[in-house]
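Residue strings, one per chain:
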Amino acid sequence: MPSPALRRTPPTGAGPVLRRLVAALTVLVLALGAALAGPVPAAAADPAPGLTRVTSFGANPGALHMYVHRPPSLPAAPPVVVALHGCTQDAQVYADGSGLSRLADRYGFLLVLAEQTAANNPNKCFNWFRPADSRRGQGEAASIRQMVAHAVAAHGADARRVHVTGLSAGGAMTSALLAAYPDVFSSGAVIAGLPHDCARDTTAAYTCMNPGVDLTPAQWAQRVRDAHPSWAGPWPRVAIWHGDRDTTVVPRNADELRDQWTAVHGLSQTPTRTDVIGPNATRREQYAAPDGTVAVEVAEVPGMGHGTPVDPGTGPEQCGVAGTHFPDTICSGHWIAGFFGLDGSGGGPGTPPAPSGLAVTGATGSTITLTWSAVDGATGYTLYRDGAPVAAPAAPPYTDTGLAAGTDHTYAVAARDRDGRTGTLSAPVTARTTGGSTASCWTDDNYGHVRAGRATARGGYTYAKGSDQAMGLYNTFITHTLRESPAGHFTLADDGCVPAPEPPAPSGAATAATAAAPGGRTVSGCPASLRVPGAAHQRVSCLDELTTAGTVASGHTDPADWAGLTPKDLPTPSGVPGVQIDGYFPDTSATNTNHGWMHDAQFVLRLPDRWNGGLVVSGTPGNREQYANDRAIGDWVLSRGYAFAATDKGNTGTSFQRDGRRPGDAIAEWNTRLTQLTRAARAVVAQRYHRPPARTLATGMSNGGYLVRWQLENHPELYDGGVDWEGTLWRADGPHLFTFLPPALRHYPVYAAGGPAAGAARRAMHAAGYPAGSEFLWPYHHTYYWGLTQRIYREELDPGYPGADADYDWAARPERVRGAVDRIALTGRIGKPLMTVHGTLDVLLPITRDSDVYARMVREAGRGGLHRYYRVEGGTHTDALVDAFPDRLRPLVPCHRSAFTALEGWIGRGERPPAGRTVPLPAGAGAAELLAGCRL
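Residues numbered from 1 in each chain as written. Predicted model: local features only at pLDDT ≥ 70, side-chain atom pairs only at ≥ 80, totals over all residues. Heavy atoms only, no water.

1. Points about the side chain of Thr620
Note the cut-off: Secondary structure counts use DSSP, requiring at least four H or I residues in a row for a helix and at least two E residues in a row for a strand, with both numbered from the N terminus. Each residue gets one of three labels from its accessible area relative to the maximum for its type: buried under 20%, exposed over 50%, partly exposed in between, using a 1.4 Å probe on protein chains only. Polar contact is the term for a pair of N or O atoms within 3.5 Å; when the atoms are in protein, one must be able to donate a hydrogen and the other to accept it, and sequence-neighboring residues count only if both atoms are side-chain atoms. Residues are treated as being in contact if the distance between any of their heavy atoms lies within 4.5 Å.
When you line up the elements, Thr620 lands in the loop between β28 (614-619) and α14 (630-639). Residue class for Thr620 comes out buried when judged on its relative accessible area of 0%. One polar contact links the side chain of Thr620 to the main-chain carbonyl oxygen of Arg624, over a distance of 3.3 Å. Among the polar contacts made by the side chain of Thr620, one reaches the side chain of Lys649 at a distance of 2.7 Å. Non-local contacts of Thr620, meaning those with residues more than four positions away in its chain, are made with Glu625, Gln626, Ala628, Asn629, Thr647, Asp648, Lys649, Asn703 and Gly704.

2. Comments concerning the packing of aromatic side chains
Stated precisely, the cut-off is as follows: To pair, rings of Phe, Tyr and Trp, with the six-membered ring standing in for Trp, must have centres within 6.5 Å; the planes then decide the type, stacked if under 30 degrees apart, edge-to-face if over 60, and tilted in the middle. Note on criteria: charge over ring means Lys NZ or Arg CZ within 6 Å of the ring centre, with the direction from the centre no more than 35 degrees off the ring normal.
Using the criterion set out here, one finds 23 aromatic pairs in the structure. Consider the rings of Tyr94 and Phe326, whose centres lie 5.7 Å apart with planes at 40°: the pair is tilted. Linking Tyr94 in helix α2 (residues 91-98) with Phe326 in the loop between β10 (294-301) and α10 (332-340), this pair joins segments that are 232 residues apart in sequence. Taken as a pair, Tyr94 and Phe326 share a single burial class, namely buried. Three or more aromatic residues link up through ring pairs in this structure, and these residues are Phe656, Trp670, Trp730, Phe738, Tyr793, Tyr801, Tyr808 and Trp810. Sitting over the face of the ring of Trp670, Lys649 holds its NZ or CZ atom 4.6 Å from the ring centroid. The lysine or arginine in question, Arg868, covers the ring of Trp906, its NZ or CZ lying 4.8 Å from the ring centre.

3. Overview of the pattern of salt bridges
Condition: Each reported salt bridge corresponds to a side-chain nitrogen of Lys or Arg within 4 Å of a carboxyl oxygen of Asp or Glu.
Under the defined criterion, the tally for this structure stands at 32 salt bridges. Here Lys568 and Asp569 are joined by a salt bridge, their closest N and O atoms 3.2 Å apart. According to the relative accessible area criterion, Asp569 is exposed, its value standing at 51%. In the salt-bridge network here, residues are joined through shared partners; they are Arg135, Asp197 and Arg200.

4. Here we look at the side chain of Thr876
With respect to the secondary-structure elements, Thr876 resides in the loop between β33 (867-872) and α22 (881-884). In this structure, Thr876 is in contact with Glu726, Leu777, Leu841, Asp842, Val843, Leu881, Leu889 and Leu892, ignoring residues within four places of it in sequence.

5. Observations concerning the nonpolar core
Which entries qualify depends on this criterion: To form a nonpolar core, buried Ala, Val, Leu, Ile, Met, Phe, Trp, Tyr and Cys residues must be joined to one another through side-chain atoms within 4.5 Å.
Residues Ile581, Leu607, Trp730, Tyr770, Trp786 and Tyr793 are the most contacted members of the largest nonpolar core, which totals 88 residues. Here this core gets 11 residues from one element, more than from any other, and that element is helix α15 (residues 665-689). Discounting residues that sit within four places of it in the chain, Trp730 has contacts with Tyr706, His736, Leu737, Phe738, Tyr793, Leu797, Val821, Ile824, Ala825 and Leu826. Judged by nonpolar contacts, the second largest core, of 63 residues, contains Cys87, Leu110, Met209 and Leu215.

The analysis is restricted to geometry; functional conclusions fall outside its scope.
In structure tokens:
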């Protein structure tokens, strides 16, 4: 869920420019926060049927758009499903991506899609956090209610079978609709959403999304009851779907949703039954009412981030098109349709209860026999193996045949009534066939391996079961041979499959997995013996391409980590074969989910075959992970022959402040992690090339630039120099984030509102450091940067502050807060050459409050001879904004490269770099010319 920004009327100076910006950045990426973006959606090979716009469906107080998909063969009195898209999406995107249109054709329901507009919210989020839009009879909630009434009247739909589902902001609005209109909606499915009434303004919405809000079940339930106090009828049934690695709307929200709706139904928070469903073993918990119907169910999708899970294909349990916020994992629409009772599988009132006493009575090398207690009135049963129906026995017992020796399977059974409706599932049991000691070999694409249970899919990538070896992207285009030995343990065997003994247990402090991953090459010269000193785990791969020209396809980078940091037209170099090592150092925090490791202090090292003798080390901007610099820095230095190493700094995401025991610990860890990686990377370079690096350079942007400054001040012995790209300034006496962000939060709304006070507010913004001429950037930064940045760093360094962020007064805070900042403060006492590049239109770290001050600190420390400082006219904090304002901004990436090249000449050949100055914006230069170079 990108930012829940609210704008009924765009702020002064925004209008079409802000809308163009939002279109250019289809997902939000915070340069001082966590990356929220995902891969670009794939084109639909079989797009969903088109939608019909309905322009007159009532008073429409929420100013929403209504679309309908009516299946060609719609039964009489059909059920209705209302779908609500996520932020930045629209009705057609959600219909295509989720697969709901195809499911409507398959199951015969009327699909209604509500669509948000940019006039209501610039990021097209439903305003779930705004009481005027989420209460009964008001705003957007009332508009959606009118859409239902129109659908029932115009299409003869069954008003007793109306359901609602939504993603992210649409999921949060789904919660609001279920609470406000229990007389309209019989059930709902909340996907990556939040509990009803968690937030009533934008600031609270951020807190609800991450880290979440903890209330008792009774407190949550009361908020639902308060939405319609006079309601005395049955409450809607609720399905809750959430990825277990969602860092946008954290999984805690699924727990709070479960607490809210189980308490509304008067049920315990302990599930009645638990099973696994789908091809990726999604964990499902069901909470049954006294009559046996499932009132609440929670589906936790393993390895999935933020989005609506889909499983593209034409199978009976498949749906959707994989893409941004539509991760390829499991067809949630199929299971939600079953929960709604739309697929004939039951689960609703009147269907048979779950059979009891399911047990295994026998097993051979290829069969498993089961029995269970008969259900009164049942005309037959449906048996499920590993989440899928496999048989329809008339009565118990039943023998399942054709199984592989030595394999495990999970079974459940449901009764069918005389109308063929399937009731609720029994409690599951697990059984194992006998035998299975002989190795078997299997060749299939990654999708087929996962479907067959030989591999798992996590975060869009595939891993062999048992060995957890990386197999690349989860799709049908990558094929591998897997060797199974012993039963259930699979290893890559692309070089020839022969029986192998059981793998030995790992030894030593660090475990190592070595494989030629997709896109790599299995060759005798691949240096599998490389070891990263101090690492707890590592994985070595020999790749044909170390830049993002190849690592995206091979699964050796994460595009979401570097999205939004570079201009869209930045060229990608290629032709850099070599070795990549992924791994992590010992750590106690677990916010980084890359590779399914759930472990912080992750790193990546890339060692090109054609090495120039140098090493570049980098920390990430914001709170991103180790691949954040791949496009902006890594690709370019690798193409020049450098080895490249990067770290996640030991904690990630907008809840990074939870790491550590005292204020400042999390940021202090960033510094120690880069020092740790530099020492380890220098050792690995010596192993690989049989000599140490001739030069070691540190570079990074934003928080990564802060790390460069700190390293050259505190560990100059490790480096030959560094390039600081708009580094963050911390000093106990200020200026820093806490001295210039609160004035922006305080004065910008007054400026944006216009009127007599706007001029004074604008002057106050300029006085706080935001330069004249940068006003066109203020609306975007107020919506997406300033508030969140202030909050997450204030929670790290001053967690005891009780007031509003706009009222924060650094000078009035206790001495202990100043001490926390002093722990991470910079001094200017650099010990090796440093190049600093900063844009004059940076309105996240205003140049006069950051790099101007740091340059003065360096001079006052007597180190001015080691420093060159370039103020770049037209540069701003995030280069992706150049795509939205090409006539006003210039990219900084070429200036960073020019500074890096000048540093090479300075330390390598003794060539003095150009004197520090303000680099003018060339008159008449176009976007292509500015991207091609930057003359310092």
